[in-house]
Structures are given as structure tokens and as C-alpha cells.
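What follows is the residue order along each chain.
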Amino acid sequence: MNAATDTMDPGTVALAVAIGEARRRLQTVAGDCAGLEASLLLGRVSGLNRAAQLASPELPLTASVLTAFRHLVDQRDLGNPIAHLLGEREFWGLTLEVTPAVLIPRPETELLVETALRTLPRDAPVDILELGTGSGAIAVALAVERPAWRITATDISGPALAVARR
């Protein structure tokens, strides 16, 4: 992060200091979301949610947490998507696994789910085939909303299908 904290004993770096350094570093790639992204990345490696982070800004980070956090910040600074670093993305109120093998579900894709729910019969049997399912976001969202619908999701990519299955 910077020379001063790199030479410090990692156990003496407070949570708020590490978040502040990461926020400044991520400003270029994350803009106004740099602080949020830093907090999410720290949460991934520490297990501390944002509320816990805010409640304990003076908490010293262990060497392993600080090292893992700095690695994720490095990866984000290189332009890797936050969803890939976190391994998940929220879609339609669901937390879905995301890896480099699949496209990251976008908010605009929720419009497709909304349109299907609005236009297809609610109570009648409906067969749906999703080609190129990727993470399975559309198929899973529709299945949650309409359990009686028969939904088949497929993809040419084996790794993508593995993500969708999970």
C-alpha cells in the first residue's frame, strides 16, 4: 500500500487505516465506490461485515488478513472485477456465485426476468429454455418466482454449467 505501512508490523495496522489506504488506491478503478469496495474486500478476507468494520475501526488486522486484503486490492487495482474477487454477485435478491467462467449478472438483465414474469402466464404450465445460462441468474430467478414453471438452462461451457449448478 505505502512504504510506511508495508514496514510496520502487520498486527499494528488498524482496520480503518487499511481501509483508508485501499480506498485511496482504488479511487482510479472504483471512483465513488472505492470505499465500499475496500470494505467488501476486507469483509471477504476477515469475515467482518460493514457494521462490524464501522464499529471497530481501531481493530488491528492479523498478518494473514492484511496480506490477503492487500492481494485483493492489488487485483482490483489491476482492473479485475469486484464480483470476481468476491466470488459472488447479487441478482434478483439472490446471491449467485460468479467466476471468470461466467459473465457477471447485470442489473439490466433483471428487466428480462421482470418481462417474463409479467407476460407469461402465472399459473399455467410454462416451459422455458435458457441457452447460454452462464451463472444461471435468469433461470434461478424465474424458478424462485414461479416454482411450477419447467425451466431448462444450458450452456456450451462446462465451467459455466458447473457455476450454474452450484
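Everything discussed here concerns the structure shown above.
About the criteria used
Residues numbered from 1 in each chain as written. Predicted model: local features only at pLDDT ≥ 70, side-chain atom pairs only at ≥ 80, totals over all residues. Heavy atoms only, no water. Salt bridge = Lys/Arg side-chain N within 4 Å of Asp/Glu carboxyl O. Helix = DSSP H or I, 4+ residues; strand = E, 2+ residues; numbered from the N terminus. Buried < 20%, exposed > 50% of the residue type's maximum accessible area, 1.4 Å probe, protein only. Pairing = 2+ DSSP bridges. 1 Å grid on protein atoms, 1.4 Å probe; cavity = no way out; pocket = protein on both sides within 12 Å on 5 of 7 lines; lining within 4 Å. Points joined across faces, edges and corners; volume = space filled by probe spheres on them. Nonpolar A, V, L, I, M, F, W, Y, C, P; charged D, E, K, R; others polar. Arc of directions from axis to C-beta. Contact = heavy atoms within 4.5 Å. Lys, Arg positive; Asp, Glu negative; His and termini not counted. Polar contact = N/O pair within 3.5 Å; in protein donor to acceptor, adjacent residues only side chain to side chain.

Quick look at the pattern of salt bridges now. Scanning the model with the defined rule gives seven salt bridges in all. A salt bridge links R166 to E97; the shortest N-O distance between them is 2.8 Å. Note that R166 is positioned in the segment after helix 9 (158-165) and E97 in strand 2 (residues 94-97), a separation of 69 residues in sequence. With relative accessibility at 63%, the residue R166 sits in the exposed group.

Moving on, we come to the pairing of strand 2. Here strand 2 shows one buried face, formed by L94 and L96, and one open face, formed by T95 and E97. Note: strand 1 (residues 88-91) against strand 2, four bridges, orientation antiparallel. Bridging from a neighbouring strand, E90 pairs with T95 of strand 2. Turn length for the strand 1-strand 2 hairpin, with the two strands adjacent in sequence and antiparallel, is two residues, and the turn residue W92 shows positive phi of about 55°.

Volume-wise, the largest pocket comes out at about 280 Å³. Among the elements of the structure, helix 3 (34-46), helix 4 (50-55), helix 6 (82-86) and strand 1 are those that each provide at least two residues to the lining of the largest pocket. Per element, the largest residue contribution to the lining of the largest pocket is six residues, and it comes from helix 3. Each residue belonging to the lining of the largest pocket can be placed in one class, and the counts come to seven nonpolar, four polar and six charged. Empty space within the second largest pocket amounts to approximately 200 Å³. Every residue lining the second largest pocket is listed: L103, I104, P105, R106, T109, E130, G132, T133, G134, S135, A137 and I138. For the lining of the second largest pocket, the residue count by class is five nonpolar, five polar and two charged.

The next thing to look at is unusual backbone geometry. A positive phi angle, close to 55°, is found at W92, a residue other than glycine. Mapped onto the fold, W92 is located in the loop between strand 1 and strand 2.

Within helix 7 (residues 109-119) the residues assigned to the buried category are E110, V113, A116 and L117. The buried residues of helix 7 occupy an angular sector of 120° when projected down its axis, which confines them to one face. Every exposed residue of helix 7 that faces more than 90 degrees away from the buried side is listed here: L111, R118 and T119. Where helix 7 is buried, its residues contact strand 1 and helix 8 (137-145).

Position of E130 among the secondary structure elements: in strand 3 (residues 127-131). Put simply, E130 is tucked away with no salt bridge, and the nearest opposite charge, on R165, sits 13 Å away. Within the structure, E130 has its side chain in polar contact with the side chain of T133 (distance 2.8 Å). From its side chain, E130 meets the backbone nitrogen of A139 in a polar contact 3.2 Å long. Leave out the neighbours within four places in its chain, and E130 touches I138, A139, T152, A153 and T154.

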